[in-house]
Structures are given as C-alpha cells and as structure tokens.
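Descriptive structure summary
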Amino acid sequence: MQQPLEPPGQQPPGSGAGKAAEDDGGGGKGSADSNAMSGNPYAGLVSHLRAAWLSGKTRPMEYRVAQLEALGRFLDEKKQDILEATALDMGKPQFEAEFSEILLCKNELHETLNNLSQWMKDEQVDRNLVTRLDSAFIRKDPYGVVLIIAPWNYPIHLILVPLIGAIAAGNCVVTKPSEKTTNTERLVAEVLPNYLDKDCFAVVTAGVQETTRLLENKFDYIFYTGSPSVGRIVMAAAAKHLTPVTLELGGKNPCYVSDTCDVQNVARRVAWGRFFNAGQTCVAPDYVLCSAEMQEKLLPALRKTITEFFGPNPQESPDFARIVGDRHFQRVQALLRSGRVAIGGETDAEARYIAPTVLVDLQPSDPIMQEEIFGPILPIVIVANVDEAIDFINSRERPLVVYAFSSDDKVVNQVLERTSSGGFCGNDTLMHVMLTSLPFGGIGSSGLGMYHGRFTFDAFTHHRGCLHRGMGREALNALRYPPYSQQKLGIVRAASEVKRKGSCTLL
Ligand code: NAD
C-alpha cells in the first residue's frame, strides 16, 4: 500500500506518492506552485515533484535506466495481477491482455532501453561561416513535471507506454489512470509506485471532479488519452498555463473494402480488429465502406469468421470481452437500433455482453454513423466505388486511422493519397500499432501529437536549440555592431546567408 501524500491541510484524494513527499508540506523549491495554488488538494504533490525535478535527480541516464528496468520488473512480477484485474474489469481475454497490455509495453520498454543513450545525446547541427568555430547543438531537455491521464480500454498500456517515454526523457510524472476500470486502477495506484522512485513518480486516483482540480495545477506537459470531448476540457485547462499537450483521441475509423480482394481474409482481418477487446479500441475499424456486390460476399465471410473465432455462441467464448460499464453498455446497445441486424445483435445487460454484430441498410445520418461506436458492432455502408468512399471519408472529421483493403495496390495507394488521418494501414487492421518505429497519433479531432518508440521520447523532450560560442575573435563580431554600414551588411550577409540550392553564385 502507498503512503498518501500529506502536505498540511492539503491531502490529495488518492495519490500514491512517497514518504519524502509527506515531509515536503508544499514548501521548499517548489513553493511557487503551492502558493499560486493554495487550497488545491494536489498543489503539495506537484510542488514536491517539481522540487525533485529541480534537484536534477532524474537527469542522469543511469537513473532513468534504473527506473525503466524497475518498470519492466513490475510488468514481469505483476503479470498475473494485471491479467486478473483486466479480466475482472472488462472480461479481457488473456491472449488480448498479454498482447496489448504486456507485450506492447515490453516492446516499448526494450526499444527505449536499447536506444536511450543515442536518443539522449546532444545532436550536433550545421553551422554557418559566422559560427564555424562554435558549438551548435540540440539538447534533449526534459520538460519537468508532466501529467499523464489515461482511459480505461487498455488501462495498463495507456499508462505505461507514455510513462516509459516520460521517464526516459528525464521528467517527474503524475499518472492518473481511469476510474472506470477499478481493479486495474487499484493495482496501478497500490503496486506500481513500489517499483518507482516515490520522490519523482506518483499515481493519482481521481474521478472527474478531482481531475478537474488536478488540472488546475501548472504542469510542464500534459499527455492525455481519451475522448475528443474531454480532450477539449484538458486542452482548455492546459491553455491557462500555456502548457503543451499531446492529445490521443478517438473517432470513427473508416475501412474501405474494394471489389478486388480475398474476401475471407478481409473478413478475418476486419473482424479481428473490430471485435478485439469487444470493439473498445481507439484504432478499431469503426465502419466498412464497400459496394453492394462486396457486401453480399462479405456478409457470409464475416458470419463464418465470427463462428470460427468465437464458436456458435460468442457469449460462451473465453476470447470475447465485455463492455466496461452499464452506461457504456446502454449507449452501445442503443446503437443497435440503426439499420438492420445482419449478424449477431444479441445482448445481455447483466453480463454487459453484446454479441459480435454486423449492421446493414444504413444511412449516413443514422445515430451509429454519428459517434464513435466503441463496441462490437460493425456497420456496413454502401458506396458505388472508391471515389465515393474517399468523398465519404473526406466529408467527415479526420480519423485516427484509415483502412483500405484491395488486391490492387493502386487502390490502396489511392485511398492513402486522397485522405487524411492520424495513421494508415493497408490490407489489415490494428497491426500498424505494433511497430514502435511508426509514429502513433491523431490529426484534427482524432488528436494532436504522436508517440511510440522514439516518438514517445521526443514527445516528452524539449528540443533545446543551443549555441555555445568562444569568448575571443571579437574583431569578427564587430562587423554586426553599430555603427552599421553597407559594407558591414555585405560581409555579414555573405557569412550567414542560407543560399538556395542550385542558385548561381557567380552573378
Ligand atoms: P474519457 O475521455 O471519458 O476519459 C479519459 C480520462 O479522462 C479518464 O482518466 C477520465 O477520468 C478523465 N476525464 C473524464 N472526464 C473528465 C473531465 N471532465 N475532466 C478531466 N478529466 C476527465 O475517455 P474514456 O471513455 O476513458 O476512453 C474512450 C475514448 O478514448 C474513446 O474516444 C477512444 O477512442 C479514446 N482513446 C484514444 C486512444 C488513442 O490512443 N488515440 C486510445 C484509447 C482510447
């Protein structure tokens, strides 16, 4: 169990921070924060972390590596607890939990540990004639005290992957898991801090009201994952302090299926992406766009796939998750009223079970086409051809990912070139998320900023442009000092001008 932080009169509800934090009382180096935020229940915590950050403790690579390795031990030693907590919270199948909550976090961790010394290095940059003898470089500076707010659908992954980058970049961190997945939230709050330096890393358990108070504090960076509507609230709170943000949001991801493809393979790949975690995945294909002819072929292939995956009664399958809570269950169930059920459609409110479902005969104006589904329902919308599909996609908010299936690469490339989205995956679903070499993030209403692998380190790093000059050679500097003259300007221009490549310098 964690000791709660107790600055006098300012005990934050549900924060997992260390003993040293208890002694701080919101004073010391971080007092500017707590003075400004007097009465805020989290001011002491933020103040304490800021003092730790200012002490320089998180800067050495050895410190960061030790914390990251401890985080790896948390994943190894508490693997069974993670699997049990996610199963309790939303019936997450063991395979899906190991794949998404453990394996992908370990990949991110190993990628970071393998490359950290390289990523942290100063980057030497080109110099001009004036600075030829000086040192010009990009310093990879930590932001300071950062806040990570996570949703419930991948409650370990979406805390740990950003946390890995935040630690690697040398920050102090407050993490706030979702309050909806109570078992995982408890595990993260009670156990994770035992592995990390409690002076520098804290877990805060908070609902909407408490998170609102938490966001009143000045952080140096906020990394938020969740819905676009809450993303706006977080961005507005960050704007008060001019705090930079990453917003990893959601939306409706289109999936175009052309007339030329291996229908059974498409059915498997689309069904896997849609029904993984019972559809509660930000990058799930939200709806299919295809011709009426393709729909005729796709429906039996999807029916066959669903039976192959989950047996004749998916409710009895250990490989199919449940909806996270009653409110979400009711929301997703109501979406079943759009169009006509072609496959599935069964529900069980008590078990929060919604069968893998395919809907047809939809209008773009139907409720299911107005919001992110975030459940195991796949609507099929008929389009005449690829041009109409592209127009449909471009007439809506820009999604987190666009999917396109075709045996003809030209068609896949056409969809890629004529649409805009956070990411893109041709002829499969979800698989692009596995690569730590690819940036992951949204655009427009699906988000702002990117992470994964090197991009996570960069997200939590301020790229500080530095020039370190020598003290001598003042005669050269005199050329830029008043009194000015045309002759001086000519020399300064010649020594510092960035010339257009290929331009003739003789004339
Ligand atoms: P949510 O926005 O309701 O909650 C996310 C977090 O914000 C939670 O920790 C919650 O406590 C907090 N929060 C909620 N209301 C708040 C408020 N008014 N003020 C401050 N904080 C508040 O999202 P959710 O339901 O947990 O997750 C589902 C959404 O997340 C979907 O839209 C999904 O697409 C998106 N998502 C995006 C990604 C991504 O990587 N882009 C990943 C997973 C989920």
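The structure under discussion appears in the preceding block.
Residues numbered from 1 in each chain as written. Predicted model: local features only at pLDDT ≥ 70, side-chain atom pairs only at ≥ 80, totals over all residues. Heavy atoms only, no water.

Things to note about the overall build of the protein
Filter applied, for reference: In this description a helix means any DSSP run of H or I spanning at least four residues, a strand means any run of E spanning at least two, and both kinds are numbered starting from the N terminus. The reference for a compact globule is 2.2 Å times residues^0.38; the radius of gyration itself is calculated from the C-alpha atoms. For the exposure calls, accessible area comes from a 1.4 Å probe over protein chains only, and a residue counts as buried if that area is under 20% of its type's maximum, exposed if over 50%, partly exposed in between. Any pair of residues with heavy atoms lying within 4.5 Å of one another is described as a contacting pair. Here, Shrake-Rupley sampling with a 1.4 Å probe gives the accessible areas, and only protein chains in the shown set may cover a residue.
Within the protein, the secondary structure is distributed over 18 helices and 19 strands. The C-alpha radius of gyration of the protein comes to 26 Å, within 12% of the 23 Å expected for a compact globule of 507 residues. Once the C-alpha set of the protein is aligned to its principal axes, its extents read approximately 85 × 70 × 35 Å. Buried residues in the protein amount to 54% of all 507 residues. Relative to all contacts within the protein whose residues are 6 or more apart in sequence, the contacts with residues 24 or more apart total 70%. In the form shown here, the protein has an accessible surface area of approximately 22300 Å², with 54% of it arising from carbon and sulfur atoms.

Examining the pairing of strand β16 (residues 401-405)
Definition in use: Note on pairing: DSSP must find at least two bridges between two strands before they are called paired. Every crossover in which the path from the first strand over the helix to the second runs clockwise, viewed with the strands pointing away from the viewer, is termed right-handed.
Of all five residues in β16, five are buried, a share of seventy percent or more. Taking every second residue as pointing to the same face, both faces of β16 are buried, with V401, Y403 and F405 on one and V402 and A404 on the other. Strand direction decides the pairing type here: strand β9 (residues 254-257) and β16, joined by three bridges, are parallel. Following the sheet pairing, C255 is matched in β16 by Y403. Sheet topology places β16 next to strand β17 (residues 423-426); four bridges connect them, and they run parallel. Its bridge partner being in β17, V401 is matched across the sheet by G423. In this view, the connection linking β16 to its parallel neighbour β17 by way of helix α15 (residues 409-418) has right-handed handedness.

Digging into unusual backbone geometry
The omega torsion across P482 and P483 is 0°, close enough to zero to call that bond cis. Within the element layout of this structure, P483 appears in the loop between α17 (474-477) and α18 (486-496). One non-glycine residue with positive phi stands out, namely N277, at about 55°. Assignment of secondary structure puts N277 in the loop between α11 (263-275) and β10 (287-290).

Regarding the state of the cysteines
Worth spelling out the cut-off: The rule for a disulfide is simple: a pair of cysteine sulfur atoms within 2.5 Å.
One pass over the full model with this rule turns up zero disulfides. Unpaired in terms of disulfides, C172 finds its nearest cysteine sulfur in C200, a separation of 3.9 Å. For C172, a relative accessible area of 0% puts it in the buried group. Take C261: it sits in no disulfide, and the sulfur closest to it among the cysteines is that of C290, at 8.9 Å. Note on C261: relative accessible area 17%, which makes it buried.

Digging into the pattern of salt bridges
Convention followed: A pairing counts as a salt bridge when a side-chain nitrogen of Lys or Arg comes within 4 Å of a carboxyl oxygen of Asp or Glu.
All told, the structure shown has 22 salt bridges when counted by the stated rule. A salt bridge links K57 to D199, with the nearest nitrogen and oxygen atoms 3.2 Å apart. On the criterion of sequence distance, the pair formed by K57 in the loop between α3 (43-54) and α4 (61-77) and D199 in the loop between α8 (182-195) and β6 (201-204) is long-range, its members being 142 residues apart. Residue K57 is classed as partly exposed on the basis of its relative accessible area, which comes to 32%. The salt bridge partner of D387 is R418, with a shortest N-O separation of 2.9 Å.

Overview of the sheet that holds strand β2 (residues 123-124)
Spatially, β2-β3-β19 is the arrangement adopted by the three strands of the open sheet, whose pairing is antiparallel. Taken across any chain shown, the strands that pair with only one partner, and hence form the sheet edges, are β2 and β19 (461-468). Inspection of the sheet shows β2 paired to strand β3 (residues 135-142) by two bridges, in the antiparallel sense. Following the sheet pairing, Q124 is matched in β3 by F137.

Here we look at the layout of surface pockets
Here is the rule we go by: Of the two site types, the cavity is a set of points on a 1 Å grid over the protein atoms alone where a 1.4 Å probe fits but cannot get out, and the pocket is an open set with protein on both sides within 12 Å along at least five of seven lines, each lined by residues with an atom within 4 Å of a point. Grid points are joined across faces, edges and corners, and a volume is the space filled by probe spheres set on the points. The classification used treats Ala, Val, Leu, Ile, Met, Phe, Trp, Tyr, Cys and Pro as nonpolar, Asp, Glu, Lys and Arg as charged, and all other residues, Gly among them, as polar.
Approximately 320 Å³ is the volume attributed to the second largest pocket. Around the second largest pocket sit 15 residues that line it, and L129, V130, R469, L476 and A495 are the ones nearest its centre. For the lining of the second largest pocket, the elements supplying multiple residues, two or more each, are α17 and α18. It is α18 that contributes the most residues to the lining of the second largest pocket, three residues altogether. The class makeup of the residues in the lining of the second largest pocket is eight nonpolar, two polar and five charged.

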